[in-house]
Amino acid sequence: MPKVTIDGQTIEVPNGTTILEAARMIGGKSVPPAMCYYSKLKETGGYCRTCIVNVSKGSEKDPRPMPKPVPSCRTTVMDGMEVQNLTSPALLEARAGVVEFLLLNHPLDCPICDQAGECHLQDLGYENGKSKTRYEFARREFEPIDIGEKIKLHMKRCIHCFRCVKLADQLTPNRYQGMLNRGDHSEISTYIQHAVDNEFSGNMIDVCPVGALTDKTFRFKSRVWFVKPEDAHRKCPTCAGKARIWLKGEEVLRVTGRKDKYGEVIDWICNECRFDKKKTSDWVIEGPTHIDHHSVISMNHYETLVDLKHETDNHRKQLTNKKVNLGQGALDPNNS
Ligand code: SF4
Ligand code: FES
């Protein structure tokens, strides 16, 4: 069992574990962000570079540091390895550069994008990006297209993470969709506009980290923070039937897969559950969903209203104290 130290925290992990998986085993703030890696799909990762870390000691046998930051989702742990994530300012600067690259062609259309509030790129930008871009050129433009009857593709929002391609490859036989062209010209396409009509194709909406693939049955119906997520299940002949329903009053506005704290789907759901079961009577409601993922969607969450109030009161008290201190300081004639 190799031992790895990430930001000063040591853990023993099974052979073959990647640095990202080891960081997730430790948990907390040292877990690098991941925009293309998806633990529920094979051969993901290595495309986006948001998960880069510094390896300050290669291993016990060969303690030399790695010369450049490495993608943690694709780098296997060695015994005695020491890794810096939050503890390296140079690494954080490099990650801010990656975020800047991801945003080069991404439109700033969050106010009208259905993914706003649960968008991993939004979170990544807030937590790891810079407030300004140096990019002055026109962004890539594409007309939105239909991928099948129920999915809309906004190619201009795509960050080329390949998750939807891997999902289509691994979950749906007869895949028609893939990445066309290379570099700045790459785009997700259904080739000759073939419909992706497999019964699990809707899951590509859930794996898309941005608003490039959206659910046509939910588009523009509500901002996600105005709807109430509940865990629910039903007897389904095609999938496990364990889903998350998003309610506005008694109305089911959308159905998605349940996601873990890294925003990854726990059980894939079929298109019938996702697109056709839009009545509360179709579902056995288990209770409010606990949203673990740090995002605007969890900020105003009904589940934590009491705690939030408590926190707000504390915060207000702190601010009031500060104001009093500032006031006293300002009134002190000896204070220049
Ligand atoms: S459409 Fe979404 S899931 Fe597919 S490559 Fe683009 S960003 Fe990734
Ligand atoms: S998550 Fe590792 S390169 Fe994208």
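For the structure itself, consult the block above.
Residues numbered from 1 in each chain as written. Chains lettered and ligands numbered in written order. Predicted model: local features only at pLDDT ≥ 70, side-chain atom pairs only at ≥ 80, totals over all residues.

**Quick word on the overall build of the chain**
The line we're drawing: Secondary structure is summarised from DSSP: a helix means a run of H or I of at least four residues, a strand means a run of E of at least two, and numbering begins at the N terminus for each. Field definition: a residue is buried when 20 or more other C-beta atoms are found within 10 Å of its C-beta, exposed when 12 or fewer are, and partly exposed for counts in between, with C-beta atoms placed from the backbone. Our contact criterion uses C-beta atoms placed from the backbone: two residues qualify when those atoms are within 7 Å.
Across its full length, the chain holds eight helices and 14 strands. Counting across all 336 residues of the chain, residues that qualify as buried make up 35%. Partitioning the intrachain contacts of the chain with sequence separation of at least 6 by distance along the chain shows that 63% fall at a separation of at least 24.

**Points about the sheet that holds strand 11 (residues 228-233)**
In plain terms, the rule: Two strands are said to pair when DSSP picks up at least two bridges between them. Under this scheme, a helix contributes an axis fitted over its contacting stretch, all axes are lines through C-alpha atoms, and angles between N-to-C directions fall in the 0 to 180 degree range.
Here four strands make up an open sheet; going across it, the order is 13-12-11-14 and the pairing antiparallel. The sheet terminates laterally at strand 13 (251-257) and strand 14 (284-288), the two strands that pair on one side only. Here the strands of the sheet are splayed against their neighbours by 35° on average, with no regard to which way each runs. Where strand 12 (residues 242-248) and strand 13 come together, six bridges link them in antiparallel fashion. Following the sheet pairing, Leu247 is matched in strand 13 by Val252.

**Focus: the site of ligand 1**
This is how the line gets drawn: Using a C-beta atom placed from the backbone, a residue is described as near a molecule or strand when that atom lies within 6 Å of it. Amino acids outside the nonpolar list (Ala, Val, Leu, Ile, Met, Phe, Trp, Tyr, Cys, Pro) and the charged list (Asp, Glu, Lys, Arg) are all regarded as polar, and Gly is one of them.
For ligand 1, the set of nearby residues contains 14 residues, the closest of which are Cys158, Cys161, Cys164, Cys208 and Ala212. A per-class count over the shell around ligand 1 returns 12 nonpolar, one polar and one charged.

**Let's talk about unusual backbone geometry**
Positioned with a positive phi, Asp7 is a non-glycine residue whose angle comes to about 50°. Tracing the sequence through the fold places Asp7 in the loop between strand 1 (3-6) and strand 2 (9-12). Taking the C-beta count within 10 Å as the criterion, Asp7 has 18 such neighbours and is therefore assigned partly exposed. Notably, Arg49 is not glycine yet its phi reads approximately 70°, a positive angle. Checked against the element boundaries, Arg49 lands in the loop between helix 1 (19-26) and strand 3 (52-57). C-beta crowding within 10 Å serves as the criterion here: with 19 such atoms nearby, Arg49 is assigned to the partly exposed category.

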